[in-house]
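So the chains spell out like this:
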Amino acid sequence: MSLDRGETSGNVTAVLQNRSLRRALIAFTAFRPTESAQWIAILVYAYGRGGSREVGLVAIGMLLPTAALAPFLAQIGDRVNRERALACAYLAIGVAAGLTALAAALSLPAIAFYAFATLATITISMVRPTHLSALPELAETPAQLTAANALSSTIEALAIFVGPLLAGLLIAVNGPGAVFGASSLLMLAVGFLALAIHARTRITERKDPVGDALEGFRELRRRPGARLLLGFVAGQTMVIGALDVLTVVLAYSVLAMGPSGPGVLSAAVGVGGLLGAAATVTLIGRERLAPAFFAGVAVIGVPIALIAFANGPAAAVVLLGIAGIGKSFFEVTARTLLQRSVDDDVLARVFGVQEGLSMAALAVGSVVAPILVNRLGVEPAFMLVGLILPLIALLVFQRIRAVDRDAALADPRSVALLRGTSIFGPLGPAGLERVARNLIPLEVAEGAVVIKEGDAGDRFYLIEEGKVVVSKAGAVLKVLGPGDFFGEIALLRDIPRTATVKAEEPSSLLALDRQHFLAAVTGSPAGAVALATEMDRRLSEHDV
Ligand code: CMP
(Lines give C-alpha, C1' and ligand atoms only; values in the text may rest on other atoms or scores of the structure.)
Protein backbone atom coordinates (compact mmCIF):
# COMPACT_ATOMS: atom_id res chain seq x y z
CA MET A 1 0.00 0.00 0.00
CA SER A 2 1.58 3.23 -1.03
CA LEU A 3 0.80 6.56 0.51
CA ASP A 4 0.98 9.80 -1.32
CA ARG A 5 1.72 12.85 0.72
CA GLY A 6 -1.42 14.81 -0.02
CA GLU A 7 -3.61 11.93 1.09
CA THR A 8 -1.68 11.55 4.32
CA SER A 9 -1.84 15.17 5.39
CA GLY A 10 -5.49 15.27 4.29
CA ASN A 11 -6.15 12.57 6.83
CA VAL A 12 -4.53 14.39 9.71
CA THR A 13 -6.43 17.53 8.74
CA ALA A 14 -9.68 15.60 8.82
CA VAL A 15 -8.86 14.40 12.30
CA LEU A 16 -8.05 17.92 13.43
CA GLN A 17 -11.40 19.16 12.22
CA ASN A 18 -12.74 18.12 15.58
CA ARG A 19 -12.67 21.51 17.30
CA SER A 20 -12.25 20.39 20.88
CA LEU A 21 -9.52 17.97 19.97
CA ARG A 22 -7.74 20.67 18.01
CA ARG A 23 -7.91 23.07 20.96
CA ALA A 24 -6.60 20.44 23.35
CA LEU A 25 -3.66 19.73 21.02
CA ILE A 26 -2.85 23.41 20.50
CA ALA A 27 -2.88 23.90 24.27
CA PHE A 28 -0.58 20.92 24.76
CA THR A 29 1.77 22.18 22.03
CA ALA A 30 2.09 25.50 23.86
CA PHE A 31 2.36 23.88 27.26
CA ARG A 32 4.96 21.21 26.68
CA PRO A 33 8.02 23.38 25.89
CA THR A 34 7.18 25.75 28.76
CA GLU A 35 7.33 22.79 31.10
CA SER A 36 11.00 22.09 30.28
CA ALA A 37 11.80 25.80 30.06
CA GLN A 38 10.46 26.57 33.53
CA TRP A 39 12.51 23.83 35.11
CA ILE A 40 15.71 25.17 33.56
CA ALA A 41 14.77 28.71 34.67
CA ILE A 42 14.37 27.49 38.25
CA LEU A 43 17.77 25.76 38.19
CA VAL A 44 19.45 28.83 36.69
CA TYR A 45 17.84 31.14 39.27
CA ALA A 46 18.98 28.88 42.11
CA TYR A 47 22.49 28.63 40.72
CA GLY A 48 22.74 32.40 40.40
CA ARG A 49 21.88 32.79 44.07
CA GLY A 50 23.61 30.00 45.90
CA GLY A 51 25.58 27.92 43.42
CA SER A 52 25.21 24.18 43.05
CA ARG A 53 24.26 23.66 46.69
CA GLU A 54 21.14 25.77 46.30
CA VAL A 55 20.31 24.02 43.02
CA GLY A 56 20.27 20.69 44.83
CA LEU A 57 18.16 21.93 47.72
CA VAL A 58 15.68 23.57 45.39
CA ALA A 59 15.42 20.49 43.18
CA ILE A 60 14.58 18.25 46.09
CA GLY A 61 12.35 20.87 47.72
CA MET A 62 10.25 21.04 44.57
CA LEU A 63 10.34 17.51 43.25
CA LEU A 64 9.37 15.85 46.52
CA PRO A 65 6.07 17.69 47.10
CA THR A 66 5.30 17.34 43.40
CA ALA A 67 6.00 13.59 43.45
CA ALA A 68 3.89 13.19 46.59
CA LEU A 69 0.93 15.19 45.28
CA ALA A 70 0.99 14.13 41.62
CA PRO A 71 -0.99 10.87 41.98
CA PHE A 72 -3.75 12.67 43.89
CA LEU A 73 -3.90 15.68 41.62
CA ALA A 74 -4.04 13.40 38.59
CA GLN A 75 -7.28 11.96 39.93
CA ILE A 76 -9.04 15.32 40.01
CA GLY A 77 -9.74 14.68 36.36
CA ASP A 78 -11.65 11.52 37.34
CA ARG A 79 -13.94 13.47 39.64
CA VAL A 80 -14.80 16.61 37.70
CA ASN A 81 -15.03 17.19 33.95
CA ARG A 82 -11.66 16.36 32.49
CA GLU A 83 -11.68 19.25 30.04
CA ARG A 84 -12.61 21.62 32.87
CA ALA A 85 -9.81 20.23 35.05
CA LEU A 86 -7.43 20.71 32.13
CA ALA A 87 -8.43 24.34 31.58
CA CYS A 88 -8.12 25.03 35.31
CA ALA A 89 -4.67 23.45 35.39
CA TYR A 90 -3.49 25.68 32.50
CA LEU A 91 -4.96 28.78 34.15
CA ALA A 92 -3.39 27.84 37.50
CA ILE A 93 0.03 27.45 35.83
CA GLY A 94 -0.52 30.87 34.22
CA VAL A 95 -1.24 32.47 37.58
CA ALA A 96 1.57 30.68 39.43
CA ALA A 97 4.11 31.45 36.69
CA GLY A 98 2.92 35.09 36.66
CA LEU A 99 3.49 35.39 40.40
CA THR A 100 6.92 33.80 40.00
CA ALA A 101 7.81 36.30 37.27
CA LEU A 102 6.59 39.14 39.48
CA ALA A 103 8.68 37.88 42.40
CA ALA A 104 11.74 37.94 40.13
CA ALA A 105 10.92 41.35 38.61
CA LEU A 106 10.34 43.00 41.99
CA SER A 107 13.38 41.24 43.50
CA LEU A 108 11.21 39.81 46.28
CA PRO A 109 12.96 37.45 48.74
CA ALA A 110 13.94 34.17 47.09
CA ILE A 111 11.49 32.23 49.23
CA ALA A 112 8.62 33.97 47.40
CA PHE A 113 10.09 33.02 44.01
CA TYR A 114 10.52 29.42 45.12
CA ALA A 115 7.06 29.17 46.67
CA PHE A 116 5.36 30.39 43.48
CA ALA A 117 7.62 28.30 41.27
CA THR A 118 6.77 25.22 43.37
CA LEU A 119 3.09 25.98 42.86
CA ALA A 120 3.74 26.18 39.12
CA THR A 121 5.63 22.86 39.17
CA ILE A 122 2.83 21.13 41.06
CA THR A 123 0.12 22.38 38.70
CA ILE A 124 2.32 21.43 35.73
CA SER A 125 2.31 17.83 36.95
CA MET A 126 -1.50 17.77 36.55
CA VAL A 127 -1.49 18.53 32.86
CA ARG A 128 -0.12 15.41 31.18
CA PRO A 129 -2.40 12.82 32.86
CA THR A 130 -5.43 15.08 32.47
CA HIS A 131 -4.67 15.84 28.81
CA LEU A 132 -4.18 12.17 27.95
CA SER A 133 -7.31 11.04 29.78
CA ALA A 134 -9.41 13.83 28.23
CA LEU A 135 -8.53 12.81 24.65
CA PRO A 136 -10.78 9.70 24.56
CA GLU A 137 -13.72 11.87 25.60
CA LEU A 138 -13.05 14.46 22.92
CA ALA A 139 -12.45 12.10 20.01
CA GLU A 140 -15.41 11.20 17.81
CA THR A 141 -13.89 7.99 16.49
CA PRO A 142 -11.11 5.68 17.67
CA ALA A 143 -9.18 6.81 14.57
CA GLN A 144 -9.28 10.40 15.82
CA LEU A 145 -8.15 9.28 19.23
CA THR A 146 -5.29 7.38 17.70
CA ALA A 147 -4.15 10.40 15.74
CA ALA A 148 -4.51 12.70 18.78
CA ASN A 149 -2.41 10.38 20.90
CA ALA A 150 0.17 10.13 18.17
CA LEU A 151 0.34 13.91 17.77
CA SER A 152 0.75 14.28 21.54
CA SER A 153 3.83 12.06 21.49
CA THR A 154 5.30 13.99 18.56
CA ILE A 155 4.79 17.22 20.51
CA GLU A 156 6.60 15.65 23.48
CA ALA A 157 9.56 14.66 21.34
CA LEU A 158 9.95 18.14 19.87
CA ALA A 159 9.54 19.90 23.21
CA ILE A 160 12.56 18.10 24.62
CA PHE A 161 14.85 20.42 22.69
CA VAL A 162 12.57 23.33 21.77
CA GLY A 163 11.84 24.01 25.48
CA PRO A 164 15.47 24.32 26.61
CA LEU A 165 16.37 26.46 23.56
CA LEU A 166 13.53 28.88 24.31
CA ALA A 167 14.61 28.95 27.95
CA GLY A 168 18.17 29.79 26.90
CA LEU A 169 16.94 32.61 24.69
CA LEU A 170 14.64 34.17 27.26
CA ILE A 171 17.16 33.87 30.08
CA ALA A 172 19.76 35.55 27.88
CA VAL A 173 17.35 38.42 27.23
CA ASN A 174 16.03 39.04 30.69
CA GLY A 175 16.96 36.36 33.24
CA PRO A 176 14.93 33.40 34.58
CA GLY A 177 12.00 35.69 35.41
CA ALA A 178 11.46 36.23 31.67
CA VAL A 179 10.79 32.51 31.19
CA PHE A 180 8.06 32.66 33.82
CA GLY A 181 6.63 35.88 32.40
CA ALA A 182 6.34 34.39 28.92
CA SER A 183 4.98 31.08 30.27
CA SER A 184 2.40 32.95 32.29
CA LEU A 185 0.99 34.85 29.33
CA LEU A 186 1.00 31.77 27.14
CA MET A 187 -0.63 29.52 29.74
CA LEU A 188 -3.35 32.05 30.57
CA ALA A 189 -4.18 32.34 26.87
CA VAL A 190 -4.16 28.56 26.54
CA GLY A 191 -6.32 28.22 29.67
CA PHE A 192 -9.00 30.45 28.14
CA LEU A 193 -8.79 28.50 24.89
CA ALA A 194 -9.20 25.28 26.86
CA LEU A 195 -12.35 26.61 28.56
CA ALA A 196 -14.00 26.26 25.14
CA ILE A 197 -13.26 22.51 24.97
CA HIS A 198 -16.33 20.32 25.24
CA ALA A 199 -16.33 16.58 25.72
CA ARG A 200 -18.57 14.48 23.54
CA THR A 201 -18.85 11.57 25.93
CA ARG A 202 -17.98 10.73 29.48
CA ILE A 203 -15.76 7.77 30.02
CA THR A 204 -15.35 6.75 33.61
CA GLU A 205 -12.72 4.15 34.07
CA ARG A 206 -12.72 2.12 37.21
CA LYS A 207 -9.26 2.55 38.60
CA ASP A 208 -7.66 1.09 41.65
CA PRO A 209 -4.24 2.73 41.79
CA VAL A 210 -3.28 1.21 45.15
CA GLY A 211 -4.21 -2.35 44.17
CA ASP A 212 -2.54 -1.91 40.77
CA ALA A 213 0.69 -0.69 42.30
CA LEU A 214 0.74 -3.57 44.79
CA GLU A 215 0.27 -6.07 41.97
CA GLY A 216 3.22 -4.44 40.19
CA PHE A 217 5.41 -4.86 43.28
CA ARG A 218 4.28 -8.49 43.69
CA GLU A 219 5.24 -9.27 40.12
CA LEU A 220 8.63 -7.71 40.74
CA ARG A 221 9.16 -9.82 43.84
CA ARG A 222 8.76 -12.90 41.70
CA ARG A 223 11.19 -11.64 39.06
CA PRO A 224 14.72 -10.82 40.20
CA GLY A 225 15.72 -10.15 36.60
CA ALA A 226 13.06 -7.48 36.19
CA ARG A 227 14.16 -5.96 39.50
CA LEU A 228 17.70 -5.69 38.23
CA LEU A 229 16.51 -3.95 35.05
CA LEU A 230 14.33 -1.53 37.00
CA GLY A 231 17.30 -0.82 39.25
CA PHE A 232 19.29 0.18 36.18
CA VAL A 233 16.48 2.32 34.83
CA ALA A 234 16.25 4.09 38.21
CA GLY A 235 20.04 4.48 38.28
CA GLN A 236 19.97 5.96 34.80
CA THR A 237 17.24 8.42 35.81
CA MET A 238 19.37 9.40 38.78
CA VAL A 239 22.25 10.11 36.40
CA ILE A 240 19.93 12.30 34.31
CA GLY A 241 18.78 14.17 37.44
CA ALA A 242 22.42 14.78 38.36
CA LEU A 243 23.22 15.81 34.80
CA ASP A 244 20.48 18.51 34.90
CA VAL A 245 22.29 20.16 37.77
CA LEU A 246 25.80 19.51 36.47
CA THR A 247 25.07 21.11 33.09
CA VAL A 248 24.07 24.36 34.82
CA VAL A 249 27.32 24.33 36.78
CA LEU A 250 29.28 23.42 33.67
CA ALA A 251 27.71 26.15 31.52
CA TYR A 252 28.38 28.90 34.03
CA SER A 253 31.43 28.12 36.06
CA VAL A 254 33.51 25.95 33.73
CA LEU A 255 32.66 26.94 30.16
CA ALA A 256 31.54 30.52 30.86
CA MET A 257 28.82 30.11 28.25
CA GLY A 258 26.65 32.94 29.51
CA PRO A 259 22.97 32.88 30.41
CA SER A 260 21.77 30.78 27.47
CA GLY A 261 24.34 28.04 28.24
CA PRO A 262 22.24 25.62 30.31
CA GLY A 263 19.42 25.74 27.75
CA VAL A 264 21.78 25.02 24.86
CA LEU A 265 23.41 22.10 26.69
CA SER A 266 20.04 20.56 27.63
CA ALA A 267 18.84 20.97 24.06
CA ALA A 268 21.91 18.99 22.90
CA VAL A 269 20.78 16.05 25.05
CA GLY A 270 17.30 16.38 23.50
CA VAL A 271 18.54 16.36 19.91
CA GLY A 272 20.79 13.38 20.66
CA GLY A 273 17.74 11.64 22.09
CA LEU A 274 15.87 12.02 18.80
CA LEU A 275 18.83 10.59 16.85
CA GLY A 276 19.10 7.73 19.34
CA ALA A 277 15.42 6.94 18.91
CA ALA A 278 16.01 6.64 15.16
CA ALA A 279 19.00 4.36 15.82
CA THR A 280 16.87 1.93 17.78
CA VAL A 281 15.57 0.42 14.51
CA THR A 282 18.82 -1.53 14.48
CA LEU A 283 17.46 -3.41 17.52
CA ILE A 284 14.49 -4.84 15.66
CA GLY A 285 14.51 -8.59 15.45
CA ARG A 286 17.53 -8.96 17.75
CA GLU A 287 17.33 -12.08 19.75
CA ARG A 288 19.82 -11.03 22.39
CA LEU A 289 19.70 -7.53 23.79
CA ALA A 290 22.37 -7.68 26.50
CA PRO A 291 25.07 -6.22 24.18
CA ALA A 292 22.80 -3.32 23.18
CA PHE A 293 21.94 -2.77 26.83
CA PHE A 294 25.63 -2.43 27.70
CA ALA A 295 26.22 -0.24 24.70
CA GLY A 296 23.41 2.07 25.86
CA VAL A 297 24.80 2.30 29.39
CA ALA A 298 28.29 3.04 28.06
CA VAL A 299 27.17 5.55 25.41
CA ILE A 300 25.40 7.57 28.10
CA GLY A 301 28.10 7.30 30.72
CA VAL A 302 31.41 7.60 28.90
CA PRO A 303 30.65 10.95 27.17
CA ILE A 304 29.44 12.37 30.49
CA ALA A 305 32.73 11.32 32.09
CA LEU A 306 34.69 12.81 29.17
CA ILE A 307 33.03 16.19 29.68
CA ALA A 308 35.47 16.58 32.55
CA PHE A 309 38.07 17.08 29.81
CA ALA A 310 35.96 19.21 27.45
CA ASN A 311 37.84 22.34 26.56
CA GLY A 312 34.99 24.38 25.19
CA PRO A 313 31.22 24.61 24.63
CA ALA A 314 31.37 22.82 21.25
CA ALA A 315 32.97 19.72 22.74
CA ALA A 316 30.45 19.72 25.58
CA VAL A 317 27.53 20.03 23.16
CA VAL A 318 28.82 17.08 21.10
CA LEU A 319 29.46 14.91 24.15
CA LEU A 320 26.04 15.67 25.62
CA GLY A 321 24.45 14.94 22.26
CA ILE A 322 26.12 11.53 22.23
CA ALA A 323 24.92 10.91 25.79
CA GLY A 324 21.42 11.77 24.55
CA ILE A 325 21.74 9.12 21.81
CA GLY A 326 22.77 6.58 24.45
CA LYS A 327 19.84 7.59 26.61
CA SER A 328 17.13 6.71 24.11
CA PHE A 329 19.00 3.60 23.01
CA PHE A 330 19.18 2.46 26.62
CA GLU A 331 15.53 3.27 27.31
CA VAL A 332 14.34 1.15 24.40
CA THR A 333 16.52 -1.86 25.24
CA ALA A 334 15.60 -1.71 28.93
CA ARG A 335 11.90 -1.43 28.08
CA THR A 336 12.09 -4.33 25.62
CA LEU A 337 13.98 -6.53 28.05
CA LEU A 338 11.54 -5.65 30.80
CA GLN A 339 8.55 -6.59 28.73
CA ARG A 340 10.25 -9.82 27.75
CA SER A 341 10.76 -10.66 31.45
CA VAL A 342 7.34 -9.98 33.03
CA ASP A 343 3.84 -11.21 32.28
CA ASP A 344 2.02 -9.08 29.79
CA ASP A 345 -1.04 -8.52 31.96
CA VAL A 346 0.97 -6.95 34.77
CA LEU A 347 3.35 -5.08 32.50
CA ALA A 348 1.37 -1.84 32.80
CA ARG A 349 1.62 -2.03 36.57
CA VAL A 350 5.32 -2.74 36.50
CA PHE A 351 5.74 0.32 34.27
CA GLY A 352 3.64 2.18 36.88
CA VAL A 353 6.12 1.21 39.59
CA GLN A 354 8.88 2.39 37.27
CA GLU A 355 7.24 5.83 36.90
CA GLY A 356 7.14 6.37 40.67
CA LEU A 357 10.69 5.12 41.07
CA SER A 358 11.91 7.44 38.32
CA MET A 359 10.45 10.52 39.96
CA ALA A 360 12.26 9.67 43.21
CA ALA A 361 15.49 8.83 41.35
CA LEU A 362 15.41 12.16 39.54
CA ALA A 363 15.14 13.97 42.88
CA VAL A 364 17.97 11.95 44.42
CA GLY A 365 20.20 12.66 41.40
CA SER A 366 19.60 16.41 41.69
CA VAL A 367 20.51 16.34 45.38
CA VAL A 368 23.60 14.20 45.02
CA ALA A 369 25.13 16.22 42.17
CA PRO A 370 25.78 19.43 44.15
CA ILE A 371 27.19 17.43 47.04
CA LEU A 372 29.62 15.81 44.60
CA VAL A 373 30.56 19.18 43.11
CA ASN A 374 31.23 20.63 46.54
CA ARG A 375 33.19 17.66 47.84
CA LEU A 376 35.09 16.62 44.72
CA GLY A 377 34.94 19.52 42.28
CA VAL A 378 33.14 19.80 38.92
CA GLU A 379 35.35 17.55 36.79
CA PRO A 380 35.52 14.59 39.18
CA ALA A 381 31.76 14.92 39.69
CA PHE A 382 31.23 14.44 35.94
CA MET A 383 33.60 11.46 35.91
CA LEU A 384 31.85 9.77 38.80
CA VAL A 385 28.31 10.40 37.52
CA GLY A 386 29.32 9.17 34.08
CA LEU A 387 31.24 6.07 35.05
CA ILE A 388 29.23 4.69 37.93
CA LEU A 389 26.62 2.82 35.87
CA PRO A 390 29.02 1.40 33.26
CA LEU A 391 31.11 0.06 36.16
CA ILE A 392 28.11 -1.50 37.89
CA ALA A 393 27.05 -2.94 34.54
CA LEU A 394 30.46 -4.63 34.23
CA LEU A 395 30.07 -6.11 37.71
CA VAL A 396 26.63 -7.58 37.02
CA PHE A 397 27.48 -8.47 33.40
CA GLN A 398 26.68 -12.16 33.88
CA ARG A 399 23.36 -11.50 35.57
CA ILE A 400 22.16 -9.22 32.78
CA ARG A 401 23.20 -11.87 30.27
CA ALA A 402 21.14 -14.40 32.24
CA VAL A 403 18.07 -12.11 32.21
CA ASP A 404 18.51 -11.78 28.47
CA ARG A 405 18.82 -15.57 28.02
CA ASP A 406 15.71 -16.33 30.11
CA ALA A 407 13.60 -13.65 28.49
CA ALA A 408 10.63 -14.82 26.46
CA LEU A 409 11.24 -13.91 22.86
CA ALA A 410 8.56 -12.88 20.45
CA ASP A 411 8.42 -15.07 17.35
CA PRO A 412 10.94 -13.45 14.96
CA ARG A 413 8.77 -14.41 11.97
CA SER A 414 5.85 -12.50 13.43
CA VAL A 415 8.08 -9.51 14.11
CA ALA A 416 9.32 -9.62 10.51
CA LEU A 417 5.76 -9.86 9.16
CA LEU A 418 4.59 -6.94 11.32
CA ARG A 419 7.55 -4.87 10.32
CA GLY A 420 6.67 -5.28 6.66
CA THR A 421 3.20 -3.76 7.13
CA SER A 422 2.49 -0.07 6.77
CA ILE A 423 0.56 0.05 10.06
CA PHE A 424 2.98 -1.66 12.40
CA GLY A 425 6.22 -1.06 10.49
CA PRO A 426 6.78 2.38 12.04
CA LEU A 427 6.48 1.02 15.60
CA GLY A 428 9.81 0.94 17.41
CA PRO A 429 11.47 -2.35 18.40
CA ALA A 430 9.75 -2.51 21.79
CA GLY A 431 6.37 -1.82 20.19
CA LEU A 432 6.84 -4.45 17.47
CA GLU A 433 7.76 -7.08 20.03
CA ARG A 434 4.84 -6.17 22.20
CA VAL A 435 2.41 -6.62 19.32
CA ALA A 436 4.13 -9.84 18.20
CA ARG A 437 3.76 -11.33 21.67
CA ASN A 438 0.04 -10.67 21.65
CA LEU A 439 -0.64 -12.20 18.24
CA ILE A 440 -2.84 -15.29 18.28
CA PRO A 441 -1.98 -17.74 15.45
CA LEU A 442 -5.00 -19.29 13.71
CA GLU A 443 -5.24 -21.94 11.01
CA VAL A 444 -8.41 -21.69 8.97
CA ALA A 445 -9.74 -24.26 6.52
CA GLU A 446 -10.75 -23.50 2.95
CA GLY A 447 -14.24 -21.97 2.92
CA ALA A 448 -14.21 -20.98 6.62
CA VAL A 449 -15.92 -17.66 7.40
CA VAL A 450 -13.55 -15.59 9.54
CA ILE A 451 -15.70 -12.45 9.73
CA LYS A 452 -19.44 -12.18 9.09
CA GLU A 453 -20.95 -8.91 7.91
CA GLY A 454 -23.06 -7.29 10.66
CA ASP A 455 -21.39 -9.09 13.57
CA ALA A 456 -19.75 -7.17 16.40
CA GLY A 457 -15.98 -6.69 15.95
CA ASP A 458 -13.58 -8.20 18.44
CA ARG A 459 -10.34 -8.93 16.56
CA PHE A 460 -8.03 -7.64 13.89
CA TYR A 461 -6.36 -10.09 11.48
CA LEU A 462 -3.12 -10.29 9.52
CA ILE A 463 -2.62 -12.84 6.76
CA GLU A 464 0.59 -14.83 7.15
CA GLU A 465 -0.15 -17.33 4.39
CA GLY A 466 -3.14 -18.08 2.19
CA LYS A 467 -5.89 -16.06 0.58
CA VAL A 468 -9.22 -14.59 1.75
CA VAL A 469 -12.14 -13.06 -0.10
CA VAL A 470 -13.86 -9.92 1.15
CA SER A 471 -17.48 -9.57 0.08
CA LYS A 472 -20.36 -7.29 0.92
CA ALA A 473 -23.98 -8.33 0.41
CA GLY A 474 -22.70 -11.18 -1.75
CA ALA A 475 -20.60 -9.01 -4.07
CA VAL A 476 -16.86 -9.63 -4.01
CA LEU A 477 -14.87 -6.51 -3.05
CA LYS A 478 -11.34 -7.80 -2.87
CA VAL A 479 -9.05 -10.80 -2.54
CA LEU A 480 -6.39 -10.36 0.16
CA GLY A 481 -3.14 -12.31 0.51
CA PRO A 482 0.02 -12.65 2.63
CA GLY A 483 0.97 -9.39 4.43
CA ASP A 484 -2.54 -7.93 4.03
CA PHE A 485 -4.81 -7.19 6.97
CA PHE A 486 -8.55 -7.06 7.65
CA GLY A 487 -11.03 -6.46 10.46
CA GLU A 488 -9.82 -2.95 11.29
CA ILE A 489 -12.96 -1.00 10.38
CA ALA A 490 -15.32 -2.33 13.06
CA LEU A 491 -12.65 -1.82 15.72
CA LEU A 492 -11.64 1.69 14.70
CA ARG A 493 -15.11 2.99 13.91
CA ASP A 494 -16.95 1.15 16.64
CA ILE A 495 -19.49 -0.22 14.16
CA PRO A 496 -20.63 -3.73 13.11
CA ARG A 497 -18.47 -5.64 10.62
CA THR A 498 -18.83 -3.98 7.24
CA ALA A 499 -18.11 -7.06 5.12
CA THR A 500 -17.75 -10.83 5.17
CA VAL A 501 -14.28 -12.36 5.00
CA LYS A 502 -13.96 -15.99 3.92
CA ALA A 503 -10.86 -18.15 3.41
CA GLU A 504 -10.43 -19.11 -0.21
CA GLU A 505 -7.72 -21.62 0.58
CA PRO A 506 -6.30 -23.07 3.83
CA SER A 507 -4.75 -20.01 5.47
CA SER A 508 -2.54 -19.04 8.42
CA LEU A 509 -3.78 -15.90 10.14
CA LEU A 510 -2.50 -13.89 13.07
CA ALA A 511 -5.21 -12.29 15.19
CA LEU A 512 -4.88 -9.38 17.59
CA ASP A 513 -7.66 -8.61 20.02
CA ARG A 514 -9.33 -5.21 20.03
CA GLN A 515 -7.55 -3.78 23.05
CA HIS A 516 -4.05 -4.74 21.88
CA PHE A 517 -4.81 -3.59 18.35
CA LEU A 518 -5.96 -0.12 19.44
CA ALA A 519 -3.01 0.20 21.83
CA ALA A 520 -0.59 -0.73 19.04
CA VAL A 521 -1.95 1.73 16.49
CA THR A 522 -1.97 4.45 19.09
CA GLY A 523 1.74 3.96 19.58
CA SER A 524 2.58 4.55 15.93
CA PRO A 525 1.80 7.98 14.43
CA ALA A 526 2.82 7.07 10.86
CA GLY A 527 1.11 3.70 11.12
CA ALA A 528 -2.11 5.28 12.35
CA VAL A 529 -2.22 7.58 9.35
CA ALA A 530 -1.47 4.71 6.95
CA LEU A 531 -4.26 2.69 8.53
CA ALA A 532 -6.81 5.52 8.44
CA THR A 533 -5.98 6.17 4.78
CA GLU A 534 -6.41 2.52 3.79
CA MET A 535 -9.62 2.29 5.82
CA ASP A 536 -11.10 5.33 4.06
CA ARG A 537 -10.13 3.85 0.69
CA ARG A 538 -11.80 0.53 1.51
CA LEU A 539 -14.95 2.21 2.78
CA SER A 540 -15.19 4.32 -0.35
CA GLU A 541 -15.45 1.09 -2.36
CA HIS A 542 -18.59 0.18 -0.42
CA ASP A 543 -20.68 2.87 -2.07
CA VAL A 544 -19.98 1.89 -5.64
P1 CMP B 1 -14.45 -4.87 9.35
O2 CMP B 1 -15.57 -4.02 8.92
O3 CMP B 1 -14.07 -4.83 10.76
O4 CMP B 1 -14.74 -6.37 8.93
C5 CMP B 1 -14.77 -6.69 7.54
C6 CMP B 1 -13.46 -6.29 6.94
O7 CMP B 1 -13.33 -6.42 5.54
C8 CMP B 1 -13.26 -4.79 7.13
O9 CMP B 1 -13.17 -4.49 8.50
C10 CMP B 1 -12.05 -4.57 6.26
O11 CMP B 1 -10.88 -4.99 6.90
C12 CMP B 1 -12.32 -5.53 5.11
N13 CMP B 1 -12.81 -4.73 3.96
C14 CMP B 1 -13.97 -4.07 3.88
N15 CMP B 1 -14.06 -3.43 2.68
C16 CMP B 1 -12.95 -3.71 2.01
C17 CMP B 1 -12.44 -3.35 0.71
N18 CMP B 1 -13.12 -2.54 -0.10
N19 CMP B 1 -11.22 -3.82 0.35
C20 CMP B 1 -10.51 -4.61 1.19
N21 CMP B 1 -10.95 -4.98 2.40
C22 CMP B 1 -12.14 -4.54 2.82
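In this report, we go over the structure that sits alongside the text. Only a predicted model underlies this, so the values are computations on that prediction, with no experimental measurement involved. (Residues numbered from 1 in each chain as written. Predicted model: local features only at pLDDT ≥ 70, side-chain atom pairs only at ≥ 80, totals over all residues. Heavy atoms only, no water.)

Structural notes on the sheet that holds strand 8 (residues 507-513)
Reasoning step 1: Here we have 4 strands laid out as an open sheet, ordered 1-8-3-6, and antiparallel in their pairing. Only two strands of the sheet have a single partner each, and these edge strands are strand 1 (440-444) and strand 6 (485-486).
Reasoning step 2: As paired elements, strand 1 and strand 8 share 5 bridges and run antiparallel to each other. The residue bridging V444 from the neighbouring strand is S507, located in strand 8. (Pairing = 2+ DSSP bridges. Helix = DSSP H or I, 4+ residues; strand = E, 2+ residues; numbered from the N terminus.)

Structural notes on the sheet that holds strand 4 (residues 468-472)
Reasoning step 1: Overall, antiparallel pairing links the 4 strands, which are arranged 2-7-4-5 in an open sheet. The open sheet has two edge strands with one neighbour each: strand 2 (449-451) and strand 5 (475-480). The sheet shows a mean angle of 30° between the axes of neighbouring strands, direction not considered.
Reasoning step 2: Where strand 4 meets strand 5, 5 bridges bridge the pair, whose relative direction is antiparallel. Bridged to K472 within strand 5 is A475. (Axes fitted to C-alpha atoms, helices over the stretch in contact; angles between N-to-C directions.)

Examining the site of the ligand
Reasoning step 1: The full set close to the ligand counts 16 residues, and E488, R497, T498, E541 and H542 are the nearest of them.
Reasoning step 2: Here E541 contributes a side-chain N or O atom positioned 2.7 Å from a nitrogen atom of the ligand.
Reasoning step 3: Between H542 and the ligand, the recorded distance is 2.7 Å, taken from a side-chain N or O atom to a nitrogen atom.
Reasoning step 4: When the free accessible area of the ligand is taken as 460 Å², the share hidden by the protein chains comes to 100%.
Reasoning step 5: Only strand 5 and helix 17 (488-493) provide two or more residues apiece to the shell around the ligand. (Near = heavy atom within 4 Å. Polar contact = N/O pair within 3.5 Å; in protein donor to acceptor, adjacent residues only side chain to side chain. Areas by Shrake-Rupley, 256 points an atom, 1.4 Å probe, with all protein chains shown as cover.)

Side note on unusual backbone geometry
Reasoning step 1: The phi angle at A256 is positive, at roughly 45°, despite the residue not being glycine.
Reasoning step 2: Along the polypeptide, A256 turns up in the loop between helix 8 (224-254) and helix 9 (261-279).
Reasoning step 3: Accessibility expressed as a relative area gives 62% for A256, which makes it exposed. (Buried < 20%, exposed > 50% of the residue type's maximum accessible area, 1.4 Å probe, protein only.)

Description of the pattern of salt bridges
Reasoning step 1: Summed over all chains, the structure comprises 19 salt bridges.
Reasoning step 2: Note that E35 is salt-bridged to R32, the shortest N-O span being 3.3 Å. Of this pair, E35 and R32 both sit in helix 2 (residues 19-74), separated by 3 residues, roughly a single helical turn.
Reasoning step 3: A relative accessible area of 19% places E35 in the buried class.
Reasoning step 4: By relative accessible area, R32 is classed as buried at 9%.
Reasoning step 5: Residue E464 is joined to R413 by a salt bridge in which the shortest nitrogen-to-oxygen separation is 3.7 Å. Of this pair, E464 sits in strand 3 (residues 459-465) while R413 sits in helix 15 (residues 412-419), and the two are 51 residues apart along the sequence.
Reasoning step 6: Judged by its relative accessible area of 55%, R413 is exposed.
Reasoning step 7: Residues joined in a network through salt bridges with shared partners are E488, E534, R537, R538 and E541. (Salt bridge = Lys/Arg side-chain N within 4 Å of Asp/Glu carboxyl O.)

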